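An overview of the molecular structure
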Amino acid sequence: MTNTIHLACVLNDPRQTYWARCGQGLQDQARDDGIELTIHPVYSFAEVQPAILDCLRDPRVDARILAGTDCSLTESVALVSALRTPIIVCSGELVGMQPACDVIPDLRRAATLAASYLVERRHGQGKIVHIQGVSQTSVEALGKHER
């Protein structure tokens, strides 16, 4: 009998392309590794706290992932102190306990790869514009990418 690893992920709004791609990557990697993954999408900040508390209460889960959002567990000290499984934070913040690890994506590298891909696809011709949106994460402008 094999022991299957069970992960639960509270994922920021998957209607946003970035988080949808992150969720798909998590699902693909979990499937490849034989891991059972349950994704709990949250569409507003108000949904985060209840979603992570539901994940914490599930005894079948071996680890939890908090992806793209912030959560405060200070009001849940008894639950948190009884928690024996790790929480992994990716591009977010966990207040009230220390996460097992904090994953911070290299957004500059991702932007460089995306820009290089676009330049390659356009065979070095034309113009590419980088429009920076509203974000909690500060990404430096890449500047012009010319060949």
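So, a few notes on the structure that sits alongside this text. Worth saying up front: this structure is predicted, and the values here are computed from it rather than measured.

Criteria and cut-off values
- Residues numbered from 1 in each chain as written.
- Predicted model: local features only at pLDDT ≥ 70, side-chain atom pairs only at ≥ 80, totals over all residues.
- Heavy atoms only, no water.
- Helix = DSSP H or I, 4+ residues; strand = E, 2+ residues; numbered from the N terminus.
- Buried < 20%, exposed > 50% of the residue type's maximum accessible area, 1.4 Å probe, protein only.
- Contact = heavy atoms within 4.5 Å.
- Areas by Shrake-Rupley, 256 points an atom, 1.4 Å probe, with all protein chains shown as cover.
- Polar contact = N/O pair within 3.5 Å; in protein donor to acceptor, adjacent residues only side chain to side chain.
- Phe/Tyr/Trp six-rings, centres within 6.5 Å; stacked < 30°, edge-to-face > 60°.
- Pairing = 2+ DSSP bridges.
- Axes fitted to C-alpha atoms, helices over the stretch in contact; angles between N-to-C directions.
- Patch = residues over 30% accessible without salt bridge, like charges linked within 9 Å, V, L, I, M, F, W, Y side chains within 5 Å.
- Salt bridge = Lys/Arg side-chain N within 4 Å of Asp/Glu carboxyl O.
- Core = buried A, V, L, I, M, F, W, Y, C linked by side-chain atoms within 4.5 Å.

**Considering the overall build of the protein**
Along the protein, the regular secondary structure elements total four helices and seven strands. For the protein, the sequential pattern of α-helices and β-strands runs β-α-β-α-β-β-α-β-β-β-α. Counting the 147 residues in the protein, one finds 27% classified as buried. Residue pairs in contact within the protein that sit at least 24 positions apart in sequence constitute 52% of those at least 6 positions apart. On the protein, roughly 10300 Å² of surface is accessible, and the fraction owed to carbon and sulfur atoms is 52%.

**Considering the environment of Arg64**
Examined against the element boundaries, Arg64 turns out to sit in strand β3 (residues 63-67). Considered as a pair, Arg64 and Val89 are 25 residues apart in the sequence and their alpha carbons are 8.5 Å apart. Within the local environment of Arg64, its side chain forms a polar contact with the backbone oxygen of Leu56, the two atoms lying 3.2 Å apart.

**A few points about the packing of aromatic side chains**
For the structure on display, the rule yields one aromatic pair. Between the aromatic rings of Tyr18 and Trp19, the centroid separation amounts to 4.8 Å while the plane-to-plane angle is 85 degrees, which identifies the pairing as edge-to-face.

**What about the sheet that holds strand β1 (residues 6-12)?**
If you walk across this open sheet you meet the five strands as β2-β1-β3-β5-β7, and the pairing is parallel. Looking along the sheet, the strands with just one partner apiece sit at the ends: β2 (36-42) and β7 (101-103). Across the sheet, the axes of successive neighbouring strands diverge by a mean angle of 20 degrees, strand direction being ignored. As defined by bridge partners, β3 adjoins strand β5 (residues 87-90) across four bridges and the pair is classed as parallel. When the bridges of β5 are listed, Leu66 appears paired with Val89. On the sheet, helix α1 (residues 17-32) packs against β1, β2, β3 and β5 and is oriented at approximately 165 degrees with respect to β2.

**Side note on the pairing of β3**
Most of β3 is tucked away, with five of its five residues classed as buried. Burial along β3 is two-sided: Ala63, Ile65 and Ala67 facing one way and Arg64 and Leu66 facing the other are all buried. Where β1 meets β3, five bridges bridge the pair, whose relative direction is parallel. Counted as the bridge partner of Leu7 is Ala63 from β3.

**A closer look at a nonpolar patch on the surface**
Judged by side-chain polarity, Tyr117, Leu118 and Ile128 come together as a nonpolar surface patch covering roughly 290 Å² of accessible area. Examined against the element boundaries, Ile128 turns out to sit in the segment after α4 (107-121). On the accessibility criterion, Ile128 (42% relative accessible area) is partly exposed.

**Quick look at the nonpolar core**
Membership of the largest hydrophobic core comes to 16 residues, with the highest contact counts inside it found for Val10, Ile52, Leu66, Cys71, Leu73 and Leu94. Listed by contribution, the elements that provide at least two residues to this core are β1, α2 (45-57) and β5. In terms of residue count, α2 provides more of this core than any other element does, six residues in total. Residue contacts for Cys71: discarding those within four places in its chain leaves Val48, Gln49, Ile52, Leu66, Glu93, Leu94 and Val95. In this structure, Leu7, Trp19, Ala63 and Ala67 belong to the second largest nonpolar core, which totals eight residues.

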